[in-house]
Amino acid sequence: MLLAIDCGNTNTVFSIWDGTEFLCTLRTSTHHSRTADAYFTWYSTLVKHYGLDVDITEVIISSTVPRVVFNLRVFADRFFGARPIVVGKPECLLPHQPRVDEGTQVGPDRLVNSAGAFDRHGGDLIVVDFGTATTFDVVDHDGAYVGGAIAPGVNLSLEALHMAAAALPHVDIAKPQRVVGTNTVACMQSGVFWGYVGLVREICTRIREERDRPMKIVATGGLAPLFQQNADLFDAMEEDLTMHGLTVIHRYNKENG
Ligand SMILES: Nc1ncnc2c1ncn2[C@@H]1O[C@H](COP(=O)(O)OP(=O)(O)O)[C@@H](O)[C@H]1O
Ligand SMILES: CC(C)(COP(=O)(O)O)[C@@H](O)C(=O)NCCC(=O)O
Ligand SMILES: [K+]
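All values reported here derive from a predicted model rather than from experimental measurement.

Help me understand the site of ligand 1, please; the structure alone is not making it clear to me.
As a matter of local geometry, ligand 1 sits amid Gly8, Asn9, Thr10, Asn11, Phe130, Gly131, Thr132, Asn155, Gly221, Gly222 and Leu223. Note that an oxygen atom of ligand 1 is positioned 2.9 Å from one of the backbone N or O atoms of Thr10. The separation between an oxygen atom of ligand 1 and a polar main-chain atom of Asn11 is 2.7 Å. Its free accessible area being 560 Å², ligand 1 has 62% of it covered by the protein chains. Residue composition of the shell around ligand 1, by class: two nonpolar, nine polar and no charged. Structurally, the shell around ligand 1 is a two-domain feature, drawing no fewer than three residues from each of domain 1 (1–85) and domain 2 (121–238).

This is the structure:
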């Protein structure tokens, strides 16, 4: 069985793939100091809790945090005897080569999202990932990642207000009832929530104009469900898109490696 690991700047997600479906999805915060033994203690406790009897033979990793990869490699080797495929490393094959400026590093999560979304929807896509940062990944007609946009994440924006302004508290994001807030928290939520709705709409509109063709918009990431309530922003919302992309890349490496 395959263990797929998606490590973002905020959260690390493990999913077990039996070749047909995900048996479970486990989530922890991302910390570069977490050791291989600590990963295993956490992982094995939860797998036992869910009553799963799984035999992991293969591991694939995508990480936007380079420092965590070392301990995840040790984890895979020590507990499963597996040599992981790490997306973005030269030995990891991609179904479609990105077309970007020479020498630039594309976030592995963006390559994985592109592969997952192309597999499900075909080409001409915009993938919006509401993670620590909000990323827009443009997938060409043939499945290649060809660039996009990076905006500060929703929680990051709220946190920046709190950090920079003495009178602004720590606030959790929520969809405000009204645009005109009548207290500080409501004003901050309005600014960030509705500001984000505008940001997503404007960037997607301009991408479509620039490329001069219809493009389907697929959303994913921790905060995507919050914005899906806002109806017409996306064509699809898929919480498992990154995990699906990892299985696509893993299969491609098995078949072509
Ligand atoms: N269910 C949720 N409700 C509210 N906030 C969430 C939820 N899941 C994730 N978040 C927040 O959304 C942001 C993005 O999360 P995530 O997609 O896991 O980020 P990353 O992939 O960059 O680690 C984080 O700030 C996280 O705290
Ligand atoms: C933009 C990101 C920080 C998003 O990461 P995340 O929010 O998933 O933690 C990540 O994709 C990254 O580090 N990218 C490198 C630069 C690029 O993709 O062009
Ligand atoms: K992500």
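Just to check I follow, could you spell out the domain arrangement of the protein chain for this structure?
One frequently used descriptor of interface size is the decrease in accessible area upon assembly of the parts. According to the domain assignment, the protein chain consists of domain 1 (1–85) and domain 2 (121–238). Computed from C-alpha atoms alone, the centre-to-centre distance between domain 1 and domain 2 is 28 Å.

Sorry, what's going on with the packing of helix α3 (residues 108–121) against helix α7 (residues 241–256) here?
What describes two packed helices is the angle between their axes and the distance between those same axes. The contact between α3 and α7 brings their axes to 7 Å, and the two run at 85°. As judged from the angle between their axes, α3 and α7 are roughly perpendicular. Two secondary-structure elements touch here, α3 through Leu111, Val112, Asn113, Ala115, Gly116, Ala117, Asp119 and Arg120 and α7 through Leu241, Thr242, His244, Gly245, Leu246, Val248, Ile249 and Arg251. Its residues assigned to classes, the contact of α3 with α7 shows eight nonpolar, five polar and three charged.

Honestly, the site of ligand 2 in this entry has me stumped. Any pointers?
Around ligand 2 sit 13 residues in total, of which Asn9, Gly107, Asp109, Arg110 and Ala133 are the nearest. One nitrogen or oxygen atom from the side chain of Asn9 is found 2.8 Å from an oxygen atom belonging to ligand 2. Compared with its free state, where it exposes 470 Å², ligand 2 has 75% of that area covered by protein. Those elements giving two or more residues to the shell around ligand 2 turn out to be α3 and β7 (133–139). Classifying every residue of the shell around ligand 2 by side-chain character gives three nonpolar, eight polar and two charged.

Where do I start with the UniProt feature "binding site: substrate" (unreviewed entry) in the protein chain in this structure?
In the numbering adopted here, UniProt assigns the feature "binding site: substrate" (unreviewed entry) to Gly107, Pro108, Asp109, Arg110 and Thr184. Taking the farthest pair of C-alpha atoms as the criterion, the annotated set spanning 78 residues is dispersed, since that pair is 37.5 Å apart. Structurally, Arg110 can be placed in helix α3. Judged by relative accessible area, Arg110 falls into the buried class, the value being 8%. Look past the residues within four positions of Arg110 in its chain and what remains in contact with it is Thr135, Phe136, Asp137, Tyr145, Gly147, Gly148, Ala149 and Ile150. On the secondary structure map, Thr184 appears in helix α5 (residues 184–211). Thr184 sits in the partly exposed class, given a relative accessible area of 39%. Residues within four places of Thr184 in sequence aside, it is in contact with Ala167, Leu168 and Pro169.

What is the right way to read the nonpolar core from this model?
A general feature of soluble globular proteins is that nonpolar side chains tend to end up buried together. Membership of the largest hydrophobic core comes to 28 residues, with the highest contact counts inside it found for Phe130 and Phe227. Counting residues per element, the ones that place at least two in this core are β6 (125–130), β7, α4 (154–164), α5, β9 (216–220) and α6 (224–228). Top contributing element to this core by residue count: α5, with eight residues. With near-sequence residues (within four places) excluded, Phe227 lies in contact with Phe130, Val154, Phe193, Tyr196, Val197, Leu233 and Phe234. Membership of the second largest hydrophobic core comes to 25 residues, among which are Phe14, Tyr39, Val47 and Val69.

Which parts of the structure should I look at to understand the sheet that holds β9?
Pairing between sheet strands relies on hydrogen bonds along the backbone, with the strands arranged either parallel or antiparallel. The five strands lie next to each other as β8-β7-β6-β9-β10, forming an open sheet whose pairing is mixed. In this open sheet, the two edge strands, each paired with only one partner strand, are β8 (145–152) and β10 (236–237). With two bridges connecting them, β9 and β10 associate as parallel partners. Counted as the bridge partner of Ala219 is Met237 from β10.

Conventions adopted
- Residues numbered from 1 in each chain as written.
- Chains lettered and ligands numbered in written order.
- Predicted model: local features only at pLDDT ≥ 70, side-chain atom pairs only at ≥ 80, totals over all residues.
- Heavy atoms only, no water.
- Near = heavy atom within 4 Å.
- Polar contact = N/O pair within 3.5 Å; in protein donor to acceptor, adjacent residues only side chain to side chain.
- Areas by Shrake-Rupley, 256 points an atom, 1.4 Å probe, with all protein chains shown as cover.
- Nonpolar A, V, L, I, M, F, W, Y, C, P; charged D, E, K, R; others polar.
- Domains from an automatic or database assignment.
- Axes fitted to C-alpha atoms, helices over the stretch in contact; angles between N-to-C directions.
- Helix = DSSP H or I, 4+ residues; strand = E, 2+ residues; numbered from the N terminus.
- Parallel < 35°, antiparallel > 145°, perpendicular 65-115°, else oblique.
- Contact = heavy atoms within 4.5 Å.
- UniProt positions renumbered as here; feature names shortened; annotations may be inferred.
- Buried < 20%, exposed > 50% of the residue type's maximum accessible area, 1.4 Å probe, protein only.
- Core = buried A, V, L, I, M, F, W, Y, C linked by side-chain atoms within 4.5 Å.
- Pairing = 2+ DSSP bridges.

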